[in-house]
Each structure stands twice: as C-alpha cells, then as structure tokens.
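This is what each chain is made of:
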Amino acid sequence: MIPLASLKSLLIFLAPMALVFLQNPGNGNLSRNLLILAGSAVALLVVILPLQVLSWAFYTYRYEAGYLHIKSGVIFKKERSIKRERVQTVNIRRGIFQRLLGLASLQVETAGGGSESELSLTAVTLGEAYNIKESLEGPAAETDRAPEENAEKAAGESAAEGAVREGKEAAPRAGLKALIDTALKPGEQTGAGEDNQAEAAYRITIPELFIAGATSGGFFVLFSVIGLIFSQALPFIPDAFWEHLLDRVTSTAAGTVVLVVLVLLFLSWLISSLAFMVQYANFTLQRRQDRLQVTWGLIEQKQLTLNLNRLQALVVHEGLLRQPFGRCALVAEVAGGGSREQNYVTLLFPLLRTDELTHFLARILPEYRLPDTFVPLPGRALRRYMFRAAAPLLLIIVPLQWIPYGWLSIPLLIPALFWGYSRYRAGATFLDDRQMTMKFRFVNRFRVLMLRNCIQAFQVSASPFQRWRGLRTARAWVLSSPSGKAFQVADIDIEEARHLWDWYSRQK
Amino acid sequence: MRQLLQGLPKTALIIPGGEVDMEVNMIEAEPKERLDRRALKAWFFSGLIWGFILMIFPVLYLTAAPLFWDLPAVYGWLAAGLVVLYTLWDAVIVPRIKLHFWRYEIRDDEIDIRHGVFIIRRTLIPMIRVQHVDTEHGPIMRLFGLATLRISTAASEHRIPALSRERAAELRGEISALARVSDEDV
C-alpha cells in the first residue's frame, strides 16, 4: 500500500498545480509546463516515499490480554492502549485498490472517542482484519486465553504477503474477478466460531436497490450541480445545435428551455440513482445474537457491526418519494461512534416494503415491535396544525395584497393547508409495556420506536392555547451521536399525555 | 449594596393586583418544591442590567444624532420607551410568572420539573439516566446567595435555576448519591 498511499498524497499535492499550469498555457509553452510538473512530481515522490516507509515501519500493534497496544510515530512517538471493554465498534472497509491487493482497512471506535477513530489501520490483510475484529468483539470468554502472538506489522503489508494470507482462506484471485468475488463475506472469517452464524439475514435485491436509488431524492442536489456545469458549458455548445432543436424538436423558445431543464433533471436523476446503487450495492443486514452486522458497497466495501446495547432508537423513515411506492428505510440512532461522513446516521436497511416491516423486525430485531394501530391526534388538534402551516404564509400573503397581482399568491394556501392536514394525519403515539412509538411528519414521515430504558428524559409541554384546548406536546430524548436527539409529537390529547407520563414515570 | 437592594425591590417588584393566580394542571401530582424567593431579586437585577445595556443605543442616538445628522429625536425617545417597557417586562413581570410556575421535586428514582412562562413544560428525568450534576453561579447569583443546579443526562441538559446555594449543594449531593445507587441496579 505504500506506493499507493504515496501516489495518493502526491496527487493531492499536484492536482492544484496541474490545474494552474494546464489552464494557463499563456505563460510558457505547454511542454515546458509539463516538464516542470513531472520534475516536481519526482521531487515530491523522493520526499514522500521514504516518509511513508518510515511511518509504516514505526507503526506496530500488539494484542494482549484484553488490550490492544499501538505504537506509532517516527519522531514523536505515540503509544496507546485500548481496553477491549471500551471498544464500541470495529469497522472493516475495502476500497478498490485494497481489494485488488487482498487488503482491508480497519477502524476501531471507542466510547466517547470523539469523531476520530481511536485506531485506524489502513492496510491489513483481510484475514488479519477479521482476527483483530474477532478478538476485540468476540465473546468475552475468548479474551482470557493466552496473549496472542500478534506482534506484527500493521499498515502496509506488502501486496505479495497479502496475497499469501488471502490464499489461506480462499483461493487467490487476481484482477477484476477479485473485485466481484472477494466481497466481504462474513462466512470467510477464520477465527469465527459457530456462534457467529447469522440468525437472520436480509440482502437487498437489484430491483429494490434501483427503486431505493430512484427515490432517494439525491437528484435535487445533483440537479443544481449539473445546472451549474451546464451554464458554464453553454458558450461551447454550437449554435447549430440550438437551431436544430428549435426547428425540428420544439417550435418555441420556451419549449426549448423546458426541454433542456427536463433533460438535465432526468440526467441528474439517472446519475444519482446509479451512484446510490453503486454505493449501497449488496446491502446486507444480519443478526447474530446481540449484534447487527451491516455490509454494503460495490467499489468500496464497508462493514459495520453494531452491538444491540448501543442501539438507542429505531426510526422508520418514509421519504416523500417513497411513500407512493409503499417503501421506507430503516435507520438506527446509535450511541457513540457514528461516522461523520454518514451524518451520524446509521442506515440499517435502505429500502423495505412498508407492509413487510413487521415481519422484518420480528426476524431481525424482535426487541422492537411495530404497532399496528396508533392513538391518533384528537380532532381539535387539526385546526392547530392548519394554523401552523398557514400562519407563516399568511404573513407573506397579506402584505402582498397591496401590490398588483398580489392575489396570485393566495392559491399557495391550498398546498400549505394540505401539508398541515397531512402532518395532522401523521401525528400519533403508541405505547406497549416496553416501548414508546411516536409517529410524525415534517415532510417525510417518521415512526420512532424507543424502548423505555433508552429514553433519557421525557417532557410534556403546553402553550396557553394548548391548555385551553386540552392538548399537549410530548417530547422524548434519546442518546444519539454526536449529542442527544429529541423526538416530539405536537397536540396529543391530554389523556394520552398522562398515559405516556405515567408509563415513563417510575413512581407507581 | 446588598442592604440597599434588599430594601428596594420589595416595593418595586409588586405588581398591582398581587400574584398572578393561574393554576396549570399539566399532569396530576405536580412537583411540590419551589425556587428560592430571592430569585425575584436576582432576576430583577439582571433584567435591570440588560435594560441599562439596551438603553445605551437610544441614548447614543439622542446625543449623537443632532450633532452630526439632521435626524428627528422622536425615534430616540420611542426606542427609549420601548427599552423601558421591555425592561419592565423582563425584570418585573417575567420573573414573577417564572417563579410562580417553577416547581421541582427530587424523588428516589426520578426528578420532576415544571417550568415555563407561556409554554409550561413538565420534564421527567429518571435517576438512572442522570450522568452528572453540577452547581454553578454567576456574579449576580452569588450576590444573592443563589446557585443553579444543572442536571445532565446522556442526551439532554436540565437546569433548576436560583436555588439557595446550600440547597443546591445539598441537592447535588442527594442526586449524585441516588444516581449512583440506581447505577448499580442496571
């Protein structure tokens, strides 16, 4: 991995330089610029390569009697011991190069460790990665065995050695085939005992994955990016193209604009769908005793193991675009160690049929139960939801009546009121003996399943208007990284609020 | 200074018509204990300080505007009036409402808090969820012998402001002892 890592840092250094040089061929001819570029690349490589080799040579780890010891640093030495009990998650990832070389990277997260991983090994063989994972996460009885002779080099095992180690587990593969075959198959684990057999597993199918990508809503963001690129590229499109478009396809200028926007929209939708499909390909969720294991990715493969005692709440997320298809995503609120790149949200499954949720949960997470019926909001809550949706709009619409055509803004009230109504319809709560469930909508609809002992604090509040109408707002805090999160349902009946309160109160 | 303040606000703080009588039954079994009555003075005092700080702007306007520009003084007086009204609200009326609604109760296994001015909130924090308790006091609070108790769970933070300093210390000890006991149960 050393040459690759060097190459990567080299590219990071050179990319801006290359951009500057190649964009302005005015100050010198192109070949001379290229020569300077190549020269500085070689110079940088001479500096970077030995540094990488050194830092690799000084990075060692050792596993012993329930502790993982890491030593690192060329000039400034750093030693760290991580206690096994403190380890929250061990993540394994495989990028495209790592898979070609039979390697994996491994991150160890501990409780309260902040957003950075406590330990990050960028290149270990896949087998070794599983060994470390197993020794840190496996059943506690295993830790009592004699100190393991694991004092090996971590980062940067040579590709050849990696291939040999890989060969012990599965036949060595090479080239592109390896990309497809050496997916993270948990069954390949070496030290895995029979207790590691998955009790239940779900794998996303290709059509489902496609629907998930198509309805992920990511294209809104991409559309603005593509629009920007398009506006930059506008001068380079030949006039003949526009003339052809205007003459043959659409007859009016407005039609042309609409067509172009539609094409761009379709394009961004297509690209974002494909990107989603690549990112979450082979999404697999497995339940093994008190752990959930999530694996996903086509080019970069990721694996996440989640201990159930870290699971704080389960969220059924019904995106606006997914609702018509009767689909939803399953998301977990997890204590500690969520990764920043995923916005601290842990996706448990990207797309599920809403009507299969109950069955799905019963198999994967029987600790949580999806209620069939909810206690809906009382009818008198409707006008409050309507008012809340319309009030901000009225603040704009009323002053607009003094300007010409201001009345055109009045029809905007219709979608606003509809939105208020659908938020009212979505609001609901439900209790059973162990679990509180809240259902609410902002734009997307959520069902939040919280176990009683995972709710950190509970609040019932009422404004004077709510007191007048006998309504309350209920709010529950759960632990979620990086800090806590509160879920709330507004305008529940006072009796239901009492019910929730008594259920949560330990004062019987 | 302290004597002066203790003498003065007594009369200054009373709204004609006496205390607002408005009972809110959020949930039955409301918590029993109230905040220290000295809170009124502390809040009055800090409200007054805010008032003075805000008053700087209209005063600046009134002194500087006629010297440099030809701007009417009315706006300055208007702003000053608004600041006086706001200070009256913030330093006299709000503290009374706040004190009226503030209740708390520390039970063996949970902390029950009710507070609010317009929106009244009732919060329940189980003892086993308490991560740590702190007391803190700023200069004004110290002047009146008051302290704020801060209760943190893993996900949220709750305050009981304006307790007497002894009471705050006592509660802190009590809660951390209870929280430790319940920790063992888990």
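From a predicted model like this one, the values you see are computed outputs, not experimental measurements.

## Comments concerning the overall build of chain A
- Per the secondary structure count, chain A includes 15 helices and 21 strands.
- Sequence separation of 24 or more characterises 60% of the internal contacts of chain A that already satisfy a separation of 6 or more.

## What to know about the overall build of chain B
- Across its full length, chain B carries 5 helices and 6 strands.
- Ordered by position from the N terminus, the helices and strands of chain B form the series α-α-α-β-β-β-β-α-β-β-α.
- Here chain B, with 186 residues, has 27% of them falling under the buried criterion.
- Relative to all contacts within chain B whose residues are 6 or more apart in sequence, the contacts with residues 24 or more apart total 59%.

## Quick word on the interface of chain B and chain A
- Tallying the contact residues gives 21 residues for chain B and 22 residues for chain A.
- Looking at which element gives the most residues to the side of chain B that touches chain A, the answer is strand 3 (residues 120-126) of chain B, with 7 residues.
- Among the residues making up the side of chain B that touches chain A, the classes are represented as 11 nonpolar, 4 polar and 6 charged.
- Direction of pairing for strand 19 (residues 455-462) of chain A relative to strand 3 of chain B: antiparallel, over a ladder of 5 bridges. Counted as the bridge partner of Val 460 of chain A is Arg 122 of chain B from strand 3 of chain B.

## Points about the environment of Met 386 of chain A
Residues and elements named next belong to chain A.
- Within the secondary structure, Met 386 is located in helix 12 (residues 382-400).
- Taking the C-alpha atoms as reference points, Met 386 and Tyr 421, 35 residues apart in sequence, are found 6.2 Å from one another.
- Once residues within four sequence positions are removed from consideration, Met 386 is found in contact with Leu 417, Gly 420 and Tyr 421.

## Focus on the sheet that holds strand 1 (residues 103-106) of chain B
- Reading across from one edge, 21(A)-20(A)-19(A)-3(B)-2(B)-1(B) is the order of the 6 strands in this open sheet, with antiparallel pairing throughout. With one partner strand each, in any of the chains shown, strand 21 (485-493) of chain A together with strand 1 of chain B form the two edges of the open sheet. Across the sheet, the mean angle separating the axes of adjacent strands is 15° when strand polarity is ignored.
- Judged from the 7 bridges that link them, strand 20 (residues 471-478) of chain A and strand 21 of chain A form a sheet pairing that is antiparallel. Each bridged residue has a counterpart across the sheet, and for Val 478 of chain A the counterpart in strand 21 of chain A is Lys 485 of chain A.

## Some points on the pairing of strand 1 of chain B
Residues and elements named next belong to chain B.
- Here strand 1 shows a buried face lined by Tyr 104 and Ile 106 and an unburied face lined by Arg 103 and Glu 105.
- In the sheet, strand 1 pairs with strand 2 (residues 110-115) via 4 bridges, with the strands oriented antiparallel. Bridge pairing in strand 2 places Glu 105 opposite Asp 112.
- In this structure, the hairpin formed by strand 1 and strand 2 is closed by a connection of 3 residues.

## Things to note about the nonpolar core
- Ranked by internal contacts, the top residues of the largest apolar core, which has 92 residues, are Met 450, Ile 455, Ala 476 and Val 478 of chain A together with Leu 163 of chain B.
- Beyond its immediate chain neighbours, meaning those up to four positions away, Leu 163 of chain B contacts Leu 35, Asp 36, Leu 146, Ala 147, Leu 149, Ala 168 and Leu 171 of chain B.

## Details of the domain arrangement of chain A
Residues and elements named next belong to chain A.
- The domains assigned to chain A are domain 1 (2-57), domain 2 (83-197), domain 3 (206-279), domain 4 (285-377 + 427-504) and domain 5 (379-423).
- If you average the C-alpha positions of domain 4 and of domain 5, the two centres end up 30 Å apart.
- Counting residues at the interface gives 6 residues for domain 4, matched by 6 residues for domain 5.
- In the side of domain 4 that touches domain 5, the residues fall into 2 nonpolar, 1 polar and 3 charged.

## A word on the packing of helix 12 of chain A against helix 13 (residues 413-426) of chain A
Residue and element names in this part refer to chain A.
- Running from amino to carboxyl end, helix 12 crosses helix 13 at an angle of 145°, the nearest separation of the two axes being 8 Å. Seen from above, helix 12 lies across helix 13 with right-handed handedness. Along the contact surface, helix 12 presents Leu 382, Tyr 385, Met 386, Arg 388, Ala 389, Ala 390 and Leu 393, while helix 13 presents Leu 413, Ala 416, Leu 417, Trp 419, Gly 420, Tyr 421, Arg 423 and Tyr 424.

## As for the sheet that holds strand 4 (residues 130-136) of chain B
Residue and element names in this part refer to chain B.
- Spatial strand order, 4-5-6: 3 strands in an open sheet with antiparallel pairing. This sheet does not close on itself; its edge strands, each paired only once, are strand 4 and strand 6 (157-164). Averaged over all pairs of adjacent strands, the angle between their axes in this sheet comes to 20°, without regard to strand direction.

## Here's the deal with the environment of Leu 400 of chain A
Residue and element names in this part refer to chain A.
- You can see Leu 400 is positioned in helix 12.
- On the basis of neighbour count, Leu 400 is assigned to the partly exposed category, with 15 C-beta atoms found within 10 Å.
- In sequence terms Leu 400 and Tyr 368 are 32 residues apart; their C-alpha atoms lie 50 Å from each other.
- With sequence-adjacent residues up to four places away left out, Leu 400 is seen in contact with Gly 406 and Ser 409.

## Section: the confidence of the model for chain A
Residue and element names in this part refer to chain A.
- Per-chain confidence: chain A averages 77 in pLDDT, with 77% of residues scoring 70 or above.
- For chain A, helix 5 (residues 159-169) is the element with the lowest average pLDDT, namely 33, and strand 17 (residues 435-441) is the one with the highest, namely 95.
- This stretch, residues 141-195, has a pLDDT under 50; its non-local contacts, to residues over four places away or in other chains, come to 78 contacts.

## Regarding unusual backbone geometry
Residues and elements named next belong to chain A.
- Backbone geometry at Asn 282 places phi at a positive 55°, although glycine is not the residue there.
- According to the C-beta neighbour criterion, Asn 282 is partly exposed, with 15 such atoms within 10 Å.
- Unlike most non-glycine residues, Gln 289 shows phi in positive territory, near 45°.
- Among the secondary structure elements, Gln 289 is positioned in the loop between strand 9 (284-288) and strand 10 (291-296).
- Classification of Gln 289 as exposed rests on a count of 12 C-beta atoms within 10 Å.

## Topic: the environment of Glu 64 of chain A
Residue and element names in this part refer to chain A.
- Residue placement: Glu 64 occurs in strand 1 (residues 60-64).
- Judged by local crowding, Glu 64 falls into the partly exposed class, with 15 C-beta atoms found within 10 Å.
- In sequence terms Glu 64 and Arg 84 are 20 residues apart; their C-alpha atoms lie 9.9 Å from each other.

## A word on helix 2 (residues 38-68) of chain B
All names here are of chain B.
- For helix 2, with 31 residues, the first-to-last C-alpha span of 46 Å sits near the 45 Å given by 1.5 Å per residue.
- The principal kink in helix 2, of about 25°, is found at Ile 56, preceding the proline Pro 58 by one to four residues.
- Considered for burial, the residues of helix 2 that qualify are Ala 39, Leu 40, Lys 41, Ala 42, Trp 43, Phe 44 and Gly 47.

## So, the confidence of the model for chain B
- The predicted model of chain B has a mean per-residue pLDDT of 82, with 83% of residues at 70 or higher.
- Contacts from residues 1-22 of chain B, a stretch scored under 50 in pLDDT, to residues over four places away or in other chains number 16 contacts.

## Quick look at helix 12 of chain A
- In this model helix 12 of chain A runs 27 Å from its N-terminal to its C-terminal C-alpha over 19 residues, within 8% of the 27 Å that 1.5 Å per residue would give.
- Its axis deflected by about 35° at Leu 394 of chain A, helix 12 of chain A carries its strongest bend there.

## What to know about the packing of helix 7 (residues 206-214) of chain A against helix 10 (residues 253-279) of chain A
Residues and elements named next belong to chain A.
- Running from N to C, helix 7 and helix 10 cross one another at 130°; their axes reach a closest spacing of 8 Å. The orientation of helix 7 with respect to helix 10, classified from their angle, is oblique. Note on packing geometry: the crossing formed by helix 7 with helix 10 is right-handed. Every residue of helix 10 that contacts helix 7 at Leu 209, Phe 210, Ala 212, Gly 213 and Ala 214 is listed here: Ser 273, Leu 274, Phe 276 and Met 277.

How each quantity is defined
- Here the residue numbers are simple positions, counted from 1 along each chain's written sequence.
- Chains and ligands are labelled sequentially in the order written, the chains with letters from A and the ligands with numbers from 1.
- In keeping with the predicted nature of the model, local features appear solely for residues at pLDDT of at least 70, side-chain atom pairs appear and are counted solely at 80 or more, and the whole-chain, interface and lining totals rest on all residues.
- Secondary structure elements are defined from DSSP: runs of H or I of at least 4 residues count as helices, runs of E of at least 2 residues count as strands, and each element is numbered from the N terminus.
- We call two residues in contact when the distance between their C-beta atoms, placed using the backbone, is within 7 Å.
- For every residue, the other C-beta atoms within 10 Å of its own C-beta are counted; 20 or more classify it as buried, 12 or fewer as exposed, and values in between as partly exposed. C-beta atoms are placed from the backbone.
- Just so you know the grouping, Ala, Val, Leu, Ile, Met, Phe, Trp, Tyr, Cys and Pro go in nonpolar, Asp, Glu, Lys and Arg go in charged, and all remaining residues, Gly too, go in polar.
- Only when DSSP finds a minimum of two bridges between them are two strands counted as paired.
- Axis definition: a line fit to C-alpha positions, over the contact stretch in the case of helices; interaxial angles, taken between N-to-C directions, run 0 to 180 degrees.
- Nonpolar core, as used here: buried Ala, Val, Leu, Ile, Met, Phe, Trp, Tyr and Cys residues forming one set through C-beta atoms within 7 Å.
- For the purposes of this description, domain bounds are those given by an automatic or database domain assignment.
- Handedness of each helix crossing follows the sense of rotation of the near helix against the far helix: counterclockwise by less than a right angle gives left-handed, clockwise gives right-handed.
- The predictor rates its confidence in each residue with pLDDT, a number between 0 and 100.
- To estimate the expected span of a helix, count its residues, drop one, and scale the result by 1.5 Å.
- At any given residue, the bend is defined as the angle formed between two axes, one fitted to the seven residues that end at that position and one fitted to the seven that begin there.
- Geometric relationships in this document are graded by angle, where less than 35 degrees denotes roughly parallel, more than 145 denotes roughly antiparallel, 65 to 115 denotes roughly perpendicular, and other angles denote oblique.

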